[in-house]
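# Descriptive structure summary
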Amino acid sequence: MNVNKETMLRRLQAADFVLHETVLYLDGHPTNQKALEFFRKAKAAYDELLAEFQEAFGPQTAYAADGSNPWEWVQGSWPWQNDMPDGGRR
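Presented here is a report on the structure given in the accompanying data block. (Residues numbered from 1 in each chain as written. Predicted model: local features only at pLDDT ≥ 70, side-chain atom pairs only at ≥ 80, totals over all residues. Heavy atoms only, no water.)

### Quick word on the overall build of the protein chain
The criterion, for reference: For helices the rule is a DSSP run of H or I covering at least 4 residues; for strands it is a run of E covering at least 2, with both sets numbered from the N terminus onward. Think of it in three bands: with a 1.4 Å probe and only protein chains considered, a residue is buried below 20% of the maximum accessible area for its type, exposed above 50%, and partly exposed in between. Note on definitions: a residue-residue contact is assigned when non-hydrogen atoms from the two residues lie within 4.5 Å. Here, Shrake-Rupley sampling with a 1.4 Å probe gives the accessible areas, and only protein chains in the shown set may cover a residue.
Counting its regular elements, the protein chain contains 2 helices and 0 strands. The 90 residues of the protein chain split such that 21% are buried. Counted over contacts in the protein chain with a minimum sequence separation of 6, partners at least 24 positions apart contribute 37%. Surface accessibility of the protein chain: about 6900 Å² in total, with carbon and sulfur atoms responsible for 56%.

Printed below as a string of C-alpha cells:
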C-alpha cells in the first residue's frame, strides 16, 4: 500500500471512529443539540474523506461500487495482499 493511500485510509478510519462514537452517544442522548451539531460536522467530514479516498483508490465498500462492467469492487489487491511482493497476484 503506498504511503498516500495508507495515510488517507488512516484518516478515514479515524473519522469513522469519531462518527461511530458520536452515534453511540446520541443513542442515549437523542435531544442533545451540541451532540447533534457535532454529528452533522463529523458526518460531513467523513463523507468528504470517503469521497476523496474513493476517487483516488476506488470504492471502499461493495455498496459504493457503481455496478460498472467489469465489477469494480474486485479490481486491485485485497487488503491482505498488500504486503506480498507481487500484490498477491499469481
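### Some points on a nonpolar patch on the surface
This is how it is decided: A patch consists of residues whose relative accessible area exceeds 30% and which take part in no salt bridge; residues with like charges are grouped when within 9 Å of each other, and nonpolar side chains (Val, Leu, Ile, Met, Phe, Trp, Tyr) when within 5 Å. Any Lys or Arg side-chain nitrogen found within 4 Å of a carboxyl oxygen on Asp or Glu counts as a salt bridge.
Side chains of F17, V18 and F38 sit close together on the surface and give an oily, nonpolar patch of about 290 Å² of accessible area. As for its placement among the helices and strands, V18 is situated in helix 1 (residues 3–28). Among the residues examined, V18 registers a relative accessible area of 34% and is labelled partly exposed.

### Looking at the side chain of T22
Convention followed: In protein, a polar contact requires one atom able to donate a hydrogen and another able to accept it; more generally it is a pair of N or O atoms within 3.5 Å, and residues adjacent in sequence count only if both atoms are side-chain atoms.
By the secondary structure assignment, T22 is in helix 1. Residue classification places T22 among the buried residues on the basis of a relative accessible area of 7%. At 2.7 Å, the side chain of T22 forms a polar contact with the backbone oxygen of V18. Residues within four places of T22 in sequence aside, it is in contact with A35, F38 and F39.

### Here's the deal with the nonpolar core
Let me state the cut-off plainly: Take the buried Ala, Val, Leu, Ile, Met, Phe, Trp, Tyr and Cys residues and link them wherever side-chain atoms come within 4.5 Å; each set so joined is a nonpolar core.
Counting 10 residues, the largest nonpolar core is built from M8, L9, L12, A15, L19, A42, Y46, L49, L50 and F53. Of all the secondary structure elements, the ones that give two or more residues to this core are helix 1 and helix 2 (33–57). When sequence neighbours within four positions are dropped, the list of residues in contact with L49 reads R11, L12 and A15.

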